[in-house]
Amino acid sequence: MTTRRRFCTWGAGTLLLAGLGVPSAFAAEARTLRLSHNLTTAHSVHKAMQVMRDRVLELTDGTLSIDIYPNAQLGNQRESVELVQAGILDMAKTNASELEAFDPIFSLLNIPYLFESGAHYYRVLEGDIGRDILGATAGKGFRGLTYYDSGARGFYATRPIESPADLKNLKIRVQPSPTAIEMVELMGASPTPLAFGELYTALQQGVVDGAENNPTALVTARHGEVAKFFTLDEHTRIPDMLVISEASWRSLSNAHRRALRLAAAESMASQKAAWQRASDAAVSTAKEEMGVEFIEVDMAAFAERTRPIRDRVASQSSRARRWIEAIEAQA
Ligand code: GCU
């Protein structure tokens, strides 16, 4: 509301200045970008994108606005990235798992146990490799703008999972990503690819026995109402990613691009601390209000099973091998 009001004020100011013959750096290029994502408005990633939207407005004298459409109103992650790729939608928040279908290079970020800690993950994403991955799809209709923290993923189900043996024959929802499918198969379970928005009903109706995600999914998507056991096996740290259509990017002025890049980077930094708070709060709510039990496990047993994935992704290309080795060297 405040932002809108400010936007109107600036808009009037710009017109007024133009009327007086005072040029504004942005006067002729007012634009609105549409951004789709599948999370709720309570999620830290949604809030970070609001920070970006407000900052962009500020940096561009109100001439570049972003309309954010949450809750998959404009389509699920796959559909949204397809629209972005086709130049029909400007921006989408997705994640590296979903993006594997668009370019195999993203499987790099989905290798189980590649990142040894949150600090390792940030070293990579904030460094050269993180930057290069954002630009990797520039010739494919979209490019990455920034990453958002989505924590470490674990299995959660209607039954306790204490070792990979407990996964045997369970139907586990995964994102539609070849690496996620392979990971769950190697653990001995049956992977069921589904869009995030379809998962609550699938859990409730017993179509799947469980899923894997970070703890906020228990609360923001209410999965903890059905799945009462969350295993802290931390198999992957898959970043959420903000992407923009090449067509939209090319149509922006240099000043707008600079403002968007800066605002996106600032929103990533703001979400870093917010993520940890949101994740801790989700664990408390899931435990205390939803009765979810969190299970500590021997992660090495899970890591052992998934080792072939690293080798398979490394054999994909010399670039993938080089980047995996560089990521490991930063642990
Ligand atoms: C994470 C991510 C979502 C994604 C979801 C999933 O929660 O933030 O964007 O859709 O995982 O498992 O589908």
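Residues numbered from 1 in each chain as written. Predicted model: local features only at pLDDT ≥ 70, side-chain atom pairs only at ≥ 80, totals over all residues.

Under an unreviewed UniProt entry, the name given to the protein chain is TRAP transporter substrate-binding protein, and the source organism is Halomonas eurihalina.

### A short note on the overall build of the protein chain
Within the protein chain one finds 13 helices and eleven strands. Relative to a compact globule of 331 residues, whose C-alpha radius of gyration would be 20 Å, the protein chain shows 21 Å and is just as compact. If you line up the protein chain on its principal axes, its C-alpha atoms span 75 × 50 × 30 Å. Taking all 331 residues of the protein chain together, the buried fraction comes to 43%. Contacts spanning at least 24 positions in sequence make up 75% of the contacts within the protein chain whose residues lie at least 6 apart. (Helix = DSSP H or I, 4+ residues; strand = E, 2+ residues; numbered from the N terminus. Rg over C-alpha atoms; globule rule 2.2 N^0.38 Å. Buried ≥ 20, exposed ≤ 12 C-beta atoms within 10 Å, placed from the backbone. Contact = placed C-beta atoms within 7 Å.)

### Section: the site of the ligand
The ligand sits among Asn-38, Leu-39, Gln-77, Asn-95, Ser-150, Gln-175, Phe-196, Asn-213, Asn-214, Ala-217 and Asp-240. When its residues are assigned to classes, the shell around the ligand shows three nonpolar, seven polar and one charged. (Near = placed C-beta within 6 Å. Nonpolar A, V, L, I, M, F, W, Y, C, P; charged D, E, K, R; others polar.)

### Topic: unusual backbone geometry
Not every positive phi belongs to a glycine, and Arg-222 is a case in point at roughly 60°. Tracing the chain through its elements places Arg-222 in the loop between helix H9 (216-220) and strand E9 (229-231). At Glu-234, a position not held by glycine, the phi torsion is positive, near 50°.

### Things to note about helix H7 (residues 178-186)
Listed in full, the buried residues belonging to H7 are Thr-179, Ala-180, Glu-182, Met-183 and Val-184. A positive phi of about 95° marks Gly-188, the residue just after H7.

### Re the pairing of strand E8 (residues 210-213)
Neither face of E8 is open: one carries Gly-210 and Glu-212, the other Ala-211 and Asn-213, and all of them are buried. Relative to E8, strand E5 (residues 154-157) runs antiparallel, the two sharing four bridges. Residue pairing for E8: Gly-154 is matched across the bridge by Asn-213. (Pairing = 2+ DSSP bridges.)

### Focus on the environment of Glu-325
Tracing the chain through its elements places Glu-325 in helix H13 (residues 318-329). Assessed through the 10 C-beta atoms surrounding it within 10 Å, Glu-325 is described here as exposed. Considered as a pair, Glu-325 and Gln-204 are 121 residues apart in the sequence and their alpha carbons are 41 Å apart.

### Focus on the packing of H7 against helix H12 (residues 299-314)
Running from amino to carboxyl end, H7 crosses H12 at an angle of 145°, the nearest separation of the two axes being 9 Å. For the element pair H7 and H12, the recorded crossing hand is right-handed. Seen from H7, the contacting residues are Thr-179, Glu-182, Met-183 and Leu-186; seen from H12, they are Arg-305, Thr-306, Pro-308 and Ile-309. (Axes fitted to C-alpha atoms, helices over the stretch in contact; angles between N-to-C directions. Left-handed = near helix turned anticlockwise from the far one by under 90°.)

### What about the pairing of E5?
Every second residue of E5 is oriented toward a common face, with Gly-154 and Tyr-156 on one face and Phe-155 and Ala-157 on the other, all of them buried. Alignment of E5 against E9, held across two bridges, turns out to be antiparallel. Bridging across to E9, Ala-157 finds its partner in Phe-229.

### Re the confidence of the model for the protein chain
Detailed reading of the predicted model is not advised wherever pLDDT is low. Taken as a whole, the protein chain shows an average pLDDT of 92; of its residues, 92% reach a score of 70 or greater. Counting interchain partners and residues more than four positions distant, the pLDDT-below-50 stretch residues 1-22 has 17 contacts. Scored as a complex, the prediction yields pTM 0.91 and ipTM 0.98. (pLDDT = per-residue confidence, 0-100.)

### Quick word on the nonpolar core
Counting 78 residues, the largest nonpolar core has Val-56, Met-91, Ile-172, Leu-218 and Val-243 as its most contacted members. Element by element, the count of residues in this core is highest for helix H11 (residues 254-290), at nine residues. Discounting residues that sit within four places of it in the chain, Val-243 has contacts with Val-81, Val-84, Met-91, Ala-92, Thr-94, Phe-142, Arg-143, Gly-144 and Leu-145. (Core = buried A, V, L, I, M, F, W, Y, C linked by C-beta atoms within 7 Å.)

### Topic: the sheet that holds strand E4 (residues 142-148)
Reading across the sheet, the five strands line up as E2-E1-E3-E10-E4 and stay open at both edges, with mixed pairing between neighbours. Only two strands of the sheet have a single neighbouring strand rather than two, namely strand E2 (64-69) and E4. Going from strand to strand, the sheet's axes swing by 25° on average, the running direction of each strand aside. As defined by bridge partners, strand E3 (residues 91-95) adjoins strand E10 (residues 240-245) across five bridges and the pair is classed as antiparallel. If you follow Thr-94 over to E10, its bridge partner there is Met-241. Where helix H2 (residues 44-59) meets the sheet, its contacts fall on strand E1 (31-36), E2, E3, E4 and E10, and the angle it forms with E2 comes to roughly 160°.

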